[in-house]
Amino acid sequence: GCLLLWLLPFVLRAQSSGEPKPRPTPCQQSPAKASCKGAGLRRFPKELGPGVKYLELSNNFIQNLSSSYMLEIGQLEYLDMSFNQLEALSATTLAQLPWLRALLLGSNHLDRNYVANGQALHLLRNIEVLDLSANNLESHVAGWYISSLTRLRALDLSGNRMTRLPAGIFWSAPRLHRLDLSNNYIMEIEEGAFEALQGLEVLNLALNSLHCISGFSLTQLRVLNLSHNALEHFISEEGAEPYLLQALDLSHNRLLYFPELPSTQYLTHLNLSNNLIASLLPGSLHPREFVLPYEEMASFNRTWHTAAGLTRVADLDLSNNRLQLFPFTFFHSLGSLHSLSLAMNCLQDVAREPLASGTALSVRSLDLHDNAIRVLPRWFFQSLPQLEAINLGSNSLQPCGRDRGGNVGGGFHVPALAGTCTAFYNMPRLKHLSLYKNNITRLLPYAFDQTSLLSLDLSGNEDLFVPKEALVGLELSLQKLSLRGNQMGDSKAELPCLGTLQVLDLSGNNLSLLPTGLSCSPLESLDVRNNSLTTLEKLASCWSRSLKDVSIAGNPFGCCSLAWLD
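Residues numbered from 1 in each chain as written. Predicted model: local features only at pLDDT ≥ 70, side-chain atom pairs only at ≥ 80, totals over all residues. Heavy atoms only, no water.

Visitor: Help me understand the overall build of the protein chain in this model?
Guide: Regarding its fold elements, the protein chain presents seven helices and 30 strands. The 566 residues of the protein chain split such that 46% are buried. Contacts in the protein chain between residues far apart in sequence, at least 24 positions, make up 52% of those at least 6 positions apart. Summed over its atoms, the accessible surface of the protein chain is roughly 27,100 Å², and 52% of this surface lies on carbon and sulfur atoms. (Helix = DSSP H or I, 4+ residues; strand = E, 2+ residues; numbered from the N terminus. Buried < 20%, exposed > 50% of the residue type's maximum accessible area, 1.4 Å probe, protein only. Contact = heavy atoms within 4.5 Å. Areas by Shrake-Rupley, 256 points an atom, 1.4 Å probe, with all protein chains shown as cover.)

Visitor: In this structure, what is going on with the packing of aromatic side chains? I would like to understand it.
Guide: A ring pair, where both rings are aromatic, is described by two values, the distance of the centres and the angle of the planes. Following the criterion strictly, the structure yields 14 aromatic pairs and no others. Seen in terms of ring centroids, Phe 170 and Phe 194 are 5.9 Å apart; in terms of plane orientation they differ by 10°. Their pairing is stacked. Note that Phe 170 is positioned in the loop between strand E10 (164–165) and strand E11 (178–180) and Phe 194 in the loop between strand E12 (188–189) and strand E13 (202–204), a separation of 24 residues in sequence. Across the pair, Phe 194 and Phe 170 agree in class, each one buried. Look at Phe 380 and Phe 381: their rings are 5.3 Å apart centre to centre, the planes differ by 85°, and that puts the pair in the edge-to-face class. Grouping aromatic residues by their ring pairs yields a cluster made of Phe 258, Phe 326, Phe 328, Phe 330, Phe 331, Trp 379, Phe 380, Phe 381 and Phe 424. (Phe/Tyr/Trp six-rings, centres within 6.5 Å; stacked < 30°, edge-to-face > 60°.)

Visitor: It is not clear to me how the layout of surface pockets should be interpreted in this structure. Could you clarify?
Guide: Over the atoms rolls a probe the size of a water molecule, and in doing so it shows where empty space is left. Taken as a whole, the largest pocket holds about 1,100 Å³ of empty space. Lining the largest pocket we find 36 residues, and of these Glu 191, Ser 214, Gly 215, Phe 216 and Ser 217 sit closest to its centre. Listing elements by their share of the lining of the largest pocket, those giving two or more residues are E12 and strand E14 (212–216). Here the element with the most residues in the lining of the largest pocket is E14; it accounts for five residues. By residue class, the composition of the lining of the largest pocket is 19 nonpolar, nine polar and eight charged. Estimates place the volume of the second largest pocket at around 340 Å³. Looking at the second largest pocket, it is lined by 16 residues, and the ones nearest its centre are Leu 513, Leu 514, Pro 515, Thr 516 and Leu 539. (1 Å grid on protein atoms, 1.4 Å probe; cavity = no way out; pocket = protein on both sides within 12 Å on 5 of 7 lines; lining within 4 Å. Points joined across faces, edges and corners; volume = space filled by probe spheres on them. Nonpolar A, V, L, I, M, F, W, Y, C, P; charged D, E, K, R; others polar.)

Visitor: I tried to follow the side chain of Asn 531 on my own but got confused; where do I start?
Guide: Relative to the elements of secondary structure, Asn 531 occurs in the loop between strand E29 (525–527) and helix H7 (537–540). Here the side chain of Asn 531 touches Leu 506 through a polar contact of 3.0 Å, landing on its backbone oxygen. (Polar contact = N/O pair within 3.5 Å; in protein donor to acceptor, adjacent residues only side chain to side chain.)

What follows is the structure, encoded as structure tokens:
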């Protein structure tokens with residue numbers, strides 16, 4: 001060790017006396033691609049070789065897009081300079097990039113020197129993808145930047161300071177397919193603002209300040225996002241051409257009624273969550289009766305509640321509105337509806353008249369959590385023959401029991417609960433059922449008989465009693481069971497032999513012993529946190545080959561009796 005320390009100064013002097021090593025390049029480079037992302041650069045790099053077509057310079061400190069080395073990379077097709085400090089674009093430099101197709105300039109300072117910068121940008125005649133997001137641009141500045149860029153196909157102006165879209169703002173970009181205007185302050189869209197965009201397919205206007213959409217006539221659009229605005233009205237314009245719209249997001253607005261959609265359209269996904277819709281039934285109050293009418297609405301005189309044209313809608317989200325009644329009649333015409341959410345409304349009942357004989361809804365997934373539902377009649381489920389998953393959490397439902405003796409044809413409700421409980425038995429298509437936080441205190445025998453559930457959530461029902469007969473019928477199907485947070489004691493959790501159970505959550509109870517019926521379950525995941533367990537010795541050997549993860553924190557395990565862990 002002493003010898004090494006004695007020689008160290010000589011070694012260092014020998015190294016310093018040699019030729020200086022070339023400075024390593026901060027960029028990772030291949031023949032056609034160079035990445036200098038986050039390299040701490042303050043100017044355009046010099047070390048780029050000829051032939052580079054893809055250049056990434058994001059997350060640096062570059063202020064000027066100018067370089068005398070552009071001749072070496074004149075073949076550049078993609079340039080990313082987002083998240084820099086750009087405030088100046090060199091016309092001389094951009095003129096040397098005739099092949100540039102994509103230019104990403106998001107999160108810079110292009111609100112400065114915008115006249116000269118715009119003149120420089122106009123030299124990129126072949127640009128197809130342009131990102132000017134988060135540059136503090138006002139409407140007229142954004143319009144100036146994109147003027148003369150006739151080949152644009154994708155434009156991102158999100159996160160700027162635009163307050164209006166004047167008529168003709170996009171007249172020079174007729175080939176636009178994708179346009180992102182989200183997260184601005186847009187309050188007004190002048191008539192003709194989108195008139196030149198006959199090929200526009202995706203439009204994002206989320207997170208703005210729009211109050212009304214009337215005369216919507218972009219028939220060629222496929223995707224429209226208007227979420228997080230202040231919309232009270234959405235009225236489309238009926239015309240000869242069919243609307244090609246497939247996905248419409250109107251969530252997080254102030255809609256008072258179902259939007260007026262064209263009769264001929266191809267909508268498959270409709271999001272109306274987080275609005276103020278109180279009814280979907282015919283004859284409900286017209287919004288003109290309780291809000292100030294818009295002048296534009298005088299020219300529209302058509303029927304209210306246009307559900308008839310929604311034959312292709314597969315996914316409908318009406319969660320977090322003010323609906324009080326489940327309107328079966330409204331959904332009747334939605335023949336392709338597979339996923340429906342009415343969660344977080346004020347539902348207390350379903351429409352009293354069941355569907356006409358022979359008619360049914362095609363819904364496979366239904367979310368009704370966080371309502372005030374007390375009972376669902378038998379015909380409710382008979383009208384949903386394809387139902388596979390239903391979330392009824394945070395309601396006030398009590399599952400019915402079933403008497404197997406002598407009732408071969410289908411059983412009956414326990415007399416004491418007739419008309420006050422919901423039958424979940426004899427539903428062979430149902431696979432996933434959630435009844436968390438329903439104030440259920442006791443499960444009755446054979447509550448899920450002849451219902452081949454794969455998952456069952458009974459968590460959050462304080463002081464719940466689960467007799468052994470309650471889960472009979474699920475022995476050969478149930479794979480996931482949650483009894484979390486029920487404050488159940490040892491005598492209140494009795495399970496039959498669930499031969500397919502793989503995931504079990506018993507956390508947040510008062511168990512000092514695990515239910516004996518678990519010995520024949522091939523558990524892979526077990527959560528017993530926050531109980532009163534001192535050992536798992538009796539059952540550990542049963543899961544020695546199957547168990548993959550186990551959570552046991554918050555139990556008073558004895559340090560001298562942990563042999564079961566082996």
